[in-house]
Amino acid sequence: MNDLVSVALLGTGSSLPPRVVPNDWFEGFLQTSDEWIRTRTGIRERRYAVESETSASLGIEAARKALANAQVSPEEIDLIICATVTPDTMCPANANRIQTALGCRAIPSFDILAACTGFLYALSIAQQYIRTGAARTVLLVGTEVLSRTLDMTDRNTCILFGDGAGAAILGASHKPNYGVRCVKIYSDGEAAKLINVPGMVSPPVNGEPMKEFMTINGREVFKFAVRKMAELMQDAILECRRMGVEVDYLIPHQVNQRIIDAALESTGFPASKVMVNLNKYGNTSAASVPIALDEAFSEGRLGPGKTILLVAFGGGLTWGSALITL
Ligand SMILES: CC(C)(COP(=O)(O)OP(=O)(O)OC[C@H]1O[C@@H](n2cnc3c(N)ncnc32)[C@H](O)[C@@H]1OP(=O)(O)O)[C@@H](O)C(=O)NCCC(=O)NCCS
């Protein structure tokens, strides 16, 4: 282990499908309303992939933007990790497709499956490759087309999710007290049945309709999410105290405004320092945190020296956090 190496966040990118699906679209075929969805979730609209788009194609576009933003060329990438529960196929992995599309060398590339916490799992793996010297520059991608797993007759579930991709480039640095300071990831399969995404390929083979759909126990997941988000935040605030820094900005998994509000209330963390874009995109699972991170940069909310906290939780059940000094 090379303790001298810091793991810097060099750049981010994101890609959202052009098709905007507003809440009132569901009113046409479900007993629901824009008002119910807005007040219970904070979501106003979400994006759905158009027929030609897949989680790999969205991931490739997000990765290209992250490379440009980080001023890193595809040849410099030593490892690609893609977090997704909706890969184009189980084999090849989305990461293999991304590697080829970008024109990277014959580097390792693989997918990981940790639902909404997937990006933090990928970050945890990547930083260890860099700290041990096994890689210098790593591409992380979180990408989903959850719209293709939804039962459009289940109003409890289908209104919550959207499609999109986010990407980040991590690189070795010798700057002290910088970059990824701490990553913690967890899982507990005991309550796994609360969130279930069926095995599938995307787009559907031979145009066959889906036979299995995503199911969630929204009420139970809500309680789990509030509890875990508050615990992760309290723990990160203590870690920051030990390091003599503060959490300047929070980028949470974008799931439900009421979950975020409840966690902020129980930790006393100010809402003015929190990135929220779930109103525009709904829950994009593994893509949610990297999309929010990329938008926080592009909206000028983040700058050098700031310490940011990423938190996520979801299917598995899984949860995790990361502290990064920019
Ligand atoms: C799903 C969620 C928005 C529901 O909000 P809630 O306030 O907990 O609502 P409840 O489940 O208590 O349902 C209240 C009522 O609204 C109804 N309802 C559910 N979805 C509805 C919709 N889209 N439109 C109108 N009514 C709806 C329910 O059927 C229920 O009616 P009932 O009391 O007659 O049974 C919320 O629990 C949530 O966000 N959970 C987490 C989501 C999740 O699992 N994300 C994935 C993992 S990160």
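Residues numbered from 1 in each chain as written. Predicted model: local features only at pLDDT ≥ 70, side-chain atom pairs only at ≥ 80, totals over all residues. Heavy atoms only, no water.

**Student:** Just give me the short version of the pattern of salt bridges, but keep the residues and values in it.
**Tutor:** Taken as a whole and assessed by the stated rule, the structure comprises 11 salt bridges. One salt bridge connects D88 with R97, and the closest N-O pair in it is separated by 3.9 Å. Given a relative accessible area of 28%, R97 falls into the partly exposed group. Residues participating in the shared-partner salt-bridge network are K184, D235, E239 and R242. (Salt bridge = Lys/Arg side-chain N within 4 Å of Asp/Glu carboxyl O. Buried < 20%, exposed > 50% of the residue type's maximum accessible area, 1.4 Å probe, protein only.)

**Student:** How would you explain the site of the ligand if you had to name every residue and give the values?
**Tutor:** Around the ligand, a shell composed of 23 residues is seen, among which T32, R40, G218, R219 and N256 lie nearest. A distance of 2.6 Å is found between a nitrogen atom of the ligand and a side-chain nitrogen or oxygen belonging to T32. A distance of 3.0 Å is found between a nitrogen atom of the ligand and a backbone nitrogen or oxygen belonging to G218. Broken down by secondary-structure element, the contributors of at least two residues to the shell around the ligand are α1 (34-41), α5 (155-158) and α6 (218-243). At four residues, the largest contribution of residues to the shell around the ligand is made by α6. The class makeup of the residues in the shell around the ligand is 11 nonpolar, eight polar and four charged. (Near = heavy atom within 4 Å. Polar contact = N/O pair within 3.5 Å; in protein donor to acceptor, adjacent residues only side chain to side chain. Helix = DSSP H or I, 4+ residues; strand = E, 2+ residues; numbered from the N terminus. Nonpolar A, V, L, I, M, F, W, Y, C, P; charged D, E, K, R; others polar.)

**Student:** Got a sec to walk through the pairing of strand β5 (residues 109-112)? Specific residues and values, please.
**Tutor:** Direction of pairing for strand β4 (residues 79-83) relative to β5: parallel, over a ladder of four bridges. Of the residues in β5, the one forming a bridge with C82 is D111. With helix α3 (residues 94-102) bridging β4 and the parallel β5, this β-α-β connection has right-handed handedness. (Pairing = 2+ DSSP bridges. Right-handed = clockwise from strand over helix to strand, strands pointing away.)

**Student:** Give a detailed account of the packing of α6 against helix α7 (residues 257-267), specifying residues and quantitative values.
**Tutor:** Look at α6 against α7: their axes get within 9 Å of each other, and the N-to-C directions meet at 40°. The pairing of α6 with α7 is recorded here as oblique in orientation. Between α6 and α7 lies a crossing of right-handed hand. Here α6 contributes F222, A225, V226, M229, A230, M233 and Q234 to the contact with α7, which in turn contributes R258, I259, I260, A262, A263, L264, S266 and T267. Taken together, the residues of the contact of α6 with α7 break down into 11 nonpolar, three polar and one charged. (Axes fitted to C-alpha atoms, helices over the stretch in contact; angles between N-to-C directions. Parallel < 35°, antiparallel > 145°, perpendicular 65-115°, else oblique. Left-handed = near helix turned anticlockwise from the far one by under 90°. Contact = heavy atoms within 4.5 Å.)

**Student:** Which residues make up the packing of aromatic side chains, and what are the values?
**Tutor:** Here the structure, examined in full by the defined rule, presents six aromatic pairs. Ring geometry for W25 and Y48: centres 6.0 Å apart, planes at 85°, overall edge-to-face. Within this pair, whereas W25 is found in the loop between β2 (19-22) and α1, its partner Y48 is found in strand β3 (residues 45-48), the two being separated by 23 residues in sequence. For the ring pair F224 and W319, a centre distance of 5.8 Å and an interplane angle of 80° mean the geometry is edge-to-face. Placement of F224 in helix α6 and of W319 in strand β13 (residues 318-325) is noted, with a sequence separation of 95 residues between them. In this structure, F224 and W319 share a single accessibility class: buried. By way of ring pairs, the aromatic residues W25, F26, F29 and Y48 are connected into one cluster. If you follow R19 out to its NZ or CZ, it ends over the ring of W25, 5.4 Å from the centre. The positively charged end of K175 is found above the aromatic ring belonging to Y178, 4.2 Å away from the centroid. (Phe/Tyr/Trp six-rings, centres within 6.5 Å; stacked < 30°, edge-to-face > 60°. Lys NZ or Arg CZ within 6 Å of the ring centre and 35° of its normal.)

**Student:** Which residues make up helix α9 (residues 288-298), and what values do they have?
**Tutor:** Among the 11 residues in α9, nine count as buried, and that is most of the element. Buried residues of α9: S288, V289, P290, I291, A292, L293, D294, E295 and A296, and no others. Looking one or two residues past α9, G300 carries a phi angle of roughly 75°, positive in sign.

Limitation: the analysis is restricted to geometry and does not speak to function.
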